[in-house]
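# Architecture and fold: a report
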Amino acid sequence: MRRAKRTISPKRYNPKLPASAADAKGFRGASDMPAASVSVPGGSMLVCETGSWRNVRPVFEDKTPPCLPRCPAGENIEGHLDLLARGRDAEAARLLREDNPFPATCGRVCYHPCESGCNRAEWGGAVAIHSVERYLGDLALRLPAEKPAARAGKSGRKHRRVAIIGAGPAGLTCAWHLAKRGIEAVVFDREPEPGGVLRTGIPAYRLPKDVLAMEISRIVEAGVELRLGVEVGRDIAFEDLRSAYRAVFLACGYHRPRALGVPGESLKGVEDGLDFLRRINYGQKVTPGRRSVVIGGGNTAMDCARAALRLGSHPLVIYRRTRGEMPAIPEEVLEAEREGVEFLFLMQPAEVRGKGGRVAAVRCQRCRLGEPDASGRRRPVPIKDSFQDLAADTVLLATGEDADLSFLPSGWTLGDNGAVLDPATGHEVEGVFAGGDLTTSRKMVANAVGSGKAASWVIEKYLSGRSWSESLAELEHAPTSFSVARLEKAGAPPRSSEIVDATSINFDHFPKLSRASAGRLSSEEAIRSFAEVNQGFDRATAEAEARRCFHCAVCSRCDNCFVFCPEGIVRHKPGKACGDYEIDLSYCKGCGICAAECPRGAISMIRENR
Amino acid sequence: MSKQKRTAPRARAAAPAAPAEQAERMPSGAVMERRLAETEYFTPGSVACPGCGGALAMRHFLRAMGPETVVVIPACCWAIIAGQFPYAALTVPTVNCLFAAASAVASGIGAGLRVRGDRGARVMVWVGDGGTYDIGLQSLSGALERNEDMLYVCYDNEAYMNTGIQRSSATPPGAWTTTTPGGKDMAKKNIMEIITAHRVPYAATVSLAFPEDLREKVKKARDIGGARFIHVLAPCPPGWKCQSSETVKLSRLAVDTKLDPLYEVENGLRWRITVEPRNLPVEDFLSRQGRFSNLDANDVRRIQAEVDRNWAVLRRQAEVNPL
């Protein structure tokens, strides 16, 4: 009776102590056992290590969210959305800037391929990553600038200096990443102001010039030197640059307009689209007349048309394929249409007709779509005798540009990865790397930013003593879409390269919330000035949008695995770092509930080799 | 033995405070913020099958009940799961008893505790569906009628699982068991209506997929005097012929298809639905389990109709007699 009384006192199982078979005492004989059929301290089932039953085991494993590899600038999207969702806005903005010194710009002009892979798509619409980036980018402009890193002493100066040709997004991004690592970057540009096509090409209603100026001043403050109004090949020889600097980054972009190749092209009133935008962006007086005809279907064509609209003209865009083949960002096409830009598809110019030396009309020929060409788009085929004259006061050519690399030694060619080949030696030219529009598959700002980052990575490795071919090989570890923070930060949790799709997401744990959209000026208001059309997110909207992120395959310590484990063997590790849980594999039976109930697929079940 | 009066729920002395949380956690991105970090009273090493709903249920009930709990277990899966005498996977006192006797044994333990002046300990009776719906029903009814001071929990895996999947009166219509190889013809007994007919102070249904709701109800029941009853559906991977990883998923689907609505009833009279179901078709629940694999579209339609009818009755109860 006395023994029974003792054994009935409750004693807690303390999960903080090592729970193993060694802790559980056995009984030496019947005299040790209790008199009643009740449990006793010491008679614990911990003696039974049920881990031996298992043939699969759970492992915590952060994987790659689908947005991440899609970002040409290699931003850690999930990371900054996470910080923003927790209300740590400034940290989120800093994390974003670590990868991209142009967040406010990209948040306005990027074509956001990240959103097309978002697993949220079926659950209220993809997260508005693009608009959140703009909110964080604007916030970053108000944060103190990054301090320049300490530089090497004067003696080693030449060995730490890099010349960058072109102060566009690629060149400035490369310079910024180098400066942050204590490498002196000097950027040459023939324009009087920095920014490249961001400054001269993109109109202010998409990218206000003060936003760009502030963003660039941040880059300069980080220790980048700008030499403006200097054209390489005219004011300074390329060979001089090579001898004065240890490495050269070619990021001069695509500037030389492609000729249309039709009669009448040199008539007054026929103008290159980028030149037209450039004059507007530098504040010159531009009068496109009553009717402007824009030829082309890319972003430059949309910019020309919408800019002409704001200057009182009635723009008509002529494109030789159909809407589906247009290379412009679809939102831009929609906006243009909404504002009143007219479109004529399957039309190509055959002749520009003049009157008294000035353009009067564009003679166009109808087309139909033929077989796909090298780009995968269907080739336009002109239809015989289907000409049509369209009246025009101005004709703006936006049919694409080419690189002008006449300053390079003859014969040099650019490789896809950015290496420059010299056919005379058959090798890559040491210390010379190309990026931006010169090498990227899509001629977009975010791609330029990514290639600038990749260039900085290669050049830094070269400057720290590796051979040029070894440095180029680094591109395999750091492709364009990589996050510097992930690569450089010690202690960042390992991340598997497996990209998680919607099948790994447990939608039961997420409410269906609709995607927010940013406010915009009404079309009537928008076309009256060059004021920014897109009004962006306020803080509350941006945070709410960040909270919609699933954080695909990145453990957010939501506790589901802990809560739903039937054995109670998922435990919290002491400490705050990620990977906060541990699973007691001595007892795990491998039921898989933790993996099934993980909202975001951060637990994998792997087969036991027994 | 002092007969307790049938009164509205009354609070007991406060339960011992939960230990402080172990580490700061960031629930960002998580929909459900669950900061449940109290001590476990269910140790690893139990012989529950992988993915056992009954094991998960015990874990959460004991976390909510706390250390001052005596568990009474008659013949059922849990008589096996807890381990062989003298070993036990529970760190609170546990009494095993005969199949039909759980409520009677609990009544006796309650009386004994009172005689010894122990006002803090609570008796939790832990019984499967066989011991509740069938074999233990008369002793349960007696204890409820006497309003014994106990929390009676039925973890319902819808058949006699540990003896080899024989049908019980809790087995749902259409389900395969070894004794209903063509699927059960009869409806599932509505145990909650039987219990509430006793006008007990508190009765509730909980689900493994809704741990906050479960916890709230168990804590509420813990601190009420008299007879309390909680029903928890406990998916059984071997018996239901489902994936062991789907226990929680199936629990959630049972709620969302209205098969296992979550509600509470005070004094048998005041009803409240605590979780609004997502109103999914029952097929979502049925199609994930091998035990329903021989159902045809007509069977599914019939089951759906019955579920809709039961839900309408419950909804009306909650509207006419709200809590």
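Residues numbered from 1 in each chain as written. Chains lettered and ligands numbered in written order. Predicted model: local features only at pLDDT ≥ 70, side-chain atom pairs only at ≥ 80, totals over all residues. Heavy atoms only, no water.

### Things to note about the overall build of chain B
- Along the backbone of chain B there are 11 helices and 8 strands.
- Taken across its 323 residues, chain B has 61% of its residues classed as buried.
- Taking contacts inside chain B between residues at least 6 apart in sequence as the whole, the part at least 24 apart equals 70%.
- Looking at chain B as shown, the accessible area adds up to about 12100 Å², and 54% of this sits on carbon and sulfur atoms. (Helix = DSSP H or I, 4+ residues; strand = E, 2+ residues; numbered from the N terminus. Buried < 20%, exposed > 50% of the residue type's maximum accessible area, 1.4 Å probe, protein only. Contact = heavy atoms within 4.5 Å. Areas by Shrake-Rupley, 256 points an atom, 1.4 Å probe, with all protein chains shown as cover.)

### Things to note about the overall build of chain A
- Each helix and strand counted, chain A has 20 helices and 23 strands in total.
- Sequence-distant contacts in chain A: of pairs separated by 6 or more residues, those separated by 24 or more amount to 73%.
- Here chain A has roughly 25800 Å² of accessible surface; of this, 50% comes from carbon and sulfur atoms.

### So, the side chain of B:Ser169
All names here are of chain B.
- Among the secondary structure elements, Ser169 is positioned in the loop between strand S4 (150-156) and helix H6 (191-196).
- On the basis of relative accessible area, Ser169 is assigned to the buried category, the value being 13%.
- A polar atom in the side chain of Ser169 sits 2.3 Å from the side chain of Asp134.
- Apart from residues no more than four positions distant in its own chain, Ser169 is found in contact with Tyr133, Asp134, Lys184, Ala187, Lys188 and Lys189. (Polar contact = N/O pair within 3.5 Å; in protein donor to acceptor, adjacent residues only side chain to side chain.)

### Focus on helix H14 (residues 445-463) of chain A
All names here are of chain A.
- Across its 19 residues, H14 extends 27 Å between first and last C-alpha, which sits within 8% of the 27 Å expected from 1.5 Å per residue.
- With 19 of its 19 residues buried, H14 lies for the most part within the structure.
- Positive backbone phi, at 110°, marks Gly465, one or two positions downstream of H14. (Expected span 1.5 Å × (residues − 1).)

### With respect to the packing of aromatic side chains
Residue and element names in this part refer to chain A.
- Tallying each qualifying case throughout the model produces 19 aromatic pairs over all chains.
- Ring centres 5.7 Å apart and planes at 20° place the aromatic pair Phe60 and Tyr581 in the stacked group. Within this pair, whereas Phe60 is found in strand S1 (residues 56-60), its partner Tyr581 is found in strand S22 (residues 581-583), the two being separated by 521 residues in sequence.
- You can call Tyr581 buried: its relative accessible area is 5%.
- Ring pairs connect the aromatic residues Trp123, Phe507, Phe510 and Phe550, which therefore count as one cluster.
- The positively charged end of Arg310 is found above the aromatic ring belonging to Tyr205, 3.9 Å away from the centroid.
- Cation over ring: Lys461 sits above Trp457, and NZ or CZ is 4.2 Å from the ring centre. (Phe/Tyr/Trp six-rings, centres within 6.5 Å; stacked < 30°, edge-to-face > 60°. Lys NZ or Arg CZ within 6 Å of the ring centre and 35° of its normal.)

### Examining the nonpolar core
- Core analysis: the largest hydrophobic core is formed by 85 residues, its most contacted members being B:Met58, B:Phe61, B:Val71, B:Trp78, B:Leu90, B:Met124 and B:Trp126.
- Of all the elements, helix H1 (residues 53-65) of chain B adds the most residues to this core, at 8 residues.
- Counting 79 residues, the second-largest nonpolar core is a separate cluster that includes A:Ala179, A:Val224, A:Ala419 and A:Phe433. (Core = buried A, V, L, I, M, F, W, Y, C linked by side-chain atoms within 4.5 Å.)

### Examining the pairing of strand S5 (residues 247-250) of chain A
Residues and elements named next belong to chain A.
- Of the two faces of S5, both are covered, the one formed by Ala247 and Phe249 as well as the one formed by Val248 and Leu250.
- Here 4 bridges tie strand S2 (residues 161-165) to S5, and the two strands are oriented parallel to one another. The residue of S5 that forms the bridge with Ile164 is Phe249.
- In this sheet, strand S18 (residues 427-434) lies alongside S5 in parallel orientation, the contact comprising 3 bridges. Bridged to Phe249 within S18 is Phe433. (Pairing = 2+ DSSP bridges.)

### Describing unusual backbone geometry
- Not every positive phi belongs to a glycine, and A:Leu346 is a case in point at roughly 55°.
- Looking at the element boundaries, A:Leu346 is found in the loop between strand S10 (342-345) and strand S11 (347-355).
- Phi at B:Lys241 is positive, roughly 55°, even though this residue is not glycine.
- Structurally, the position occupied by B:Lys241 is in the loop between helix H8 (237-240) and helix H9 (247-256).

### Brief notes about the confidence of the model for chain A
- Averaged over all residues, the pLDDT of chain A equals 87, while 87% of them reach at least 70.
- Per-residue pLDDT stays below 50 along residues 1-25 of chain A; that stretch engages in 48 contacts with residues further than four places along the chain or on separate chains. (pLDDT = per-residue confidence, 0-100.)

### Brief notes about the packing of helix H3 (residues 77-85) of chain A against helix H4 (residues 89-99) of chain A
All names here are of chain A.
- Taken N-terminus to C-terminus, the directions of H3 and H4 make an angle of 170°; their axes are 7 Å apart at the nearest point. Classified by the angle between their axes, H3 and H4 sit roughly antiparallel to one another. Every pair of crossing elements has a handedness; the one defined by H3 and H4 is left-handed. On H4, the residues that touch Gly79, His80, Leu83 and Leu84 of H3 are Asp89, Glu91, Ala92, Leu95 and Leu96.
- Per-class residue counts for the contact of H3 with H4 are 5 nonpolar, 2 polar and 2 charged. (Axes fitted to C-alpha atoms, helices over the stretch in contact; angles between N-to-C directions. Parallel < 35°, antiparallel > 145°, perpendicular 65-115°, else oblique. Left-handed = near helix turned anticlockwise from the far one by under 90°. Nonpolar A, V, L, I, M, F, W, Y, C, P; charged D, E, K, R; others polar.)

### Regarding the sheet that holds S10(A)
All names here are of chain A.
- One open sheet accounts for 5 strands, arranged S7-S14-S8-S9-S10; its pairing is parallel. With partners counted over all chains shown, the strands left at the sheet margins are strand S7 (270-272) and S10, one partner each. This sheet shows a mean twist of 25° between the axes of neighbouring strands, independent of strand direction.
- The pairing of strand S9 (residues 314-319) with S10 spans 4 bridges and is classified as parallel. Note that in S10 the partner of Leu316 across the bridge is Glu342.

### What to know about the pattern of salt bridges
Residue and element names in this part refer to chain A.
- Per the counting criterion, the structure on display carries 64 salt bridges over all chains.
- Across the pair Arg466 and Glu474 runs a salt bridge, and its minimum N-O distance is 2.8 Å.
- The residue Lys589 makes a salt bridge to Glu567 at a minimum N-O spacing of 3.1 Å. Placement of the pair is Lys589 in the loop between S22 and helix H20 (593-597) and Glu567 in the loop between helix H19 (560-564) and strand S21 (570-572), with a sequence separation of 22 residues. Side by side, Lys589 and Glu567 carry an identical accessibility label, which is buried.
- A cluster of three or more residues bridged by salt bridges with shared partners is formed by Arg206, Asp303, Arg306, Arg310, Glu332, Glu335, Arg338, Glu339 and Arg520. (Salt bridge = Lys/Arg side-chain N within 4 Å of Asp/Glu carboxyl O.)

### Considering the packing of helix H7 (residues 169-180) of chain A against H14(A)
Residue and element names in this part refer to chain A.
- For the pair H7 and H14, the least separation of the axes is 7 Å and the interaxial angle reads 40°. Taken together, the axes of H7 and H14 are oblique relative to one another. Our pair here, H7 against H14, has a crossing hand that is right-handed. Listed contacts from H14 to Pro169, Ala170, Thr173, Cys174, His177 and Leu178 of H7 are Val445, Ala448, Val449, Ser451, Gly452, Lys453, Ala455, Ser456, Ile459 and Glu460.
- The residue inventory of the contact of H7 with H14, partitioned by class, reads 9 nonpolar, 5 polar and 2 charged.

### Details of the pairing of strand S1 (residues 69-73) of chain B
All names here are of chain B.
- Counted residue by residue, S1 has 5 buried out of 5 residues, so it is predominantly covered.
- A two-sided burial pattern is seen for S1, the buried positions comprising Thr69, Val71 and Ile73 on one face and Val70 and Val72 on the other.
- With 3 bridges joining them, S1 and strand S2 (residues 94-96) adopt parallel strand pairing. By the bridge assignment, Ile73 is partnered in S2 with Asn96.

### A look at the environment of A:Gly107
All names here are of chain A.
- Its place among the elements puts Gly107 in helix H5 (residues 103-109).
- Between the C-alpha atoms of Gly107 and Ala446, which are 339 residues apart in sequence, the distance is 9.8 Å.
- Those residues in contact with Gly107 that lie beyond four places of it in its chain are His130, Glu133 and Arg134.

### Focus on the environment of A:Cys114
All names here are of chain A.
- Residue position: Cys114 is located in the loop between H5 and helix H6 (129-141).
- Measuring from C-alpha to C-alpha, the distance between Cys114 and Pro65 comes to 9.9 Å, with 49 residues separating the pair along the chain.
- Setting aside residues up to four positions removed in sequence, Cys114 forms contacts with Cys67, Arg70, Ile77 and Ile129.

### Some thoughts on the sheet that holds strand S17 (residues 419-422) of chain A
Residues and elements named next belong to chain A.
- If you walk across this open sheet you meet the 7 strands as S4-S3-S2-S5-S18-S17-S16, and the pairing is mixed. Of all strands in the sheet, those with a lone pairing partner are strand S4 (224-228) and strand S16 (413-414), marking the two edges.
- For S17 and S18, the ladder comprises 3 bridges, and the chain directions are antiparallel. By the bridge assignment for S18, Asp422 is matched with His427.
- Each of S2, strand S3 (184-189), S4 and S5 touches H7; the most contacted strand, S2, lies at about 165° to it.

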